[in-house]
Amino acid sequence: MSSEEAAARELEAIKALEITFQSTIMKIMKSNRTLKHTELANKVEENLQKSKKGSNFSKRAMKIAIEGLIQKGYLERDHSDYNTYIHKA
């Protein structure tokens, strides 16, 4: 396998992980509407453990997924508490 192929596979794996994180975060936020970062992280990790994808949990991947959802307009940070996320319906 060439280094280009390896890099392409790694990029695909990262994208798939980001999609998994984003869908899990949205599922949790739809039912909770507002959560603090630590609560969301715990629920995401728990949910991924149940779906047997928990070994992929990383704080960095979660941060990237949250920032992506904020940029897309699905989540926003609470203006009075930066560690709280709000689901935008």
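Provided above is the structure to which this section pertains.
Just so you know, these numbers come straight off a predicted model, no measurement behind them. (Residues numbered from 1 in each chain as written. Predicted model: local features only at pLDDT ≥ 70, side-chain atom pairs only at ≥ 80, totals over all residues. Heavy atoms only, no water.)

A. Focus on unusual backbone geometry. The backbone phi angle of Arg33 is positive, close to 70°, even though this residue is not glycine. Tracing the sequence through the fold places Arg33 in the loop between helix H1 (3-32) and strand S1 (34-36). With relative accessibility at 42%, the residue Arg33 sits in the partly exposed group. (Helix = DSSP H or I, 4+ residues; strand = E, 2+ residues; numbered from the N terminus. Buried < 20%, exposed > 50% of the residue type's maximum accessible area, 1.4 Å probe, protein only.)

B. Expanded view of the pattern of salt bridges. Taken as a whole and assessed by the stated rule, the structure comprises 3 salt bridges. Across the pair Lys36 and Asp81 runs a salt bridge whose closest N-O atoms are separated by 2.3 Å. Taken together, the residues span a long stretch of sequence, with Lys36 in strand S1 and Asp81 in the loop between strand S2 (75-77) and strand S3 (84-87) at a distance of 45 residues. With a shortest N-O distance of 2.6 Å, Arg77 and Glu67 are connected by a salt bridge. (Salt bridge = Lys/Arg side-chain N within 4 Å of Asp/Glu carboxyl O.)

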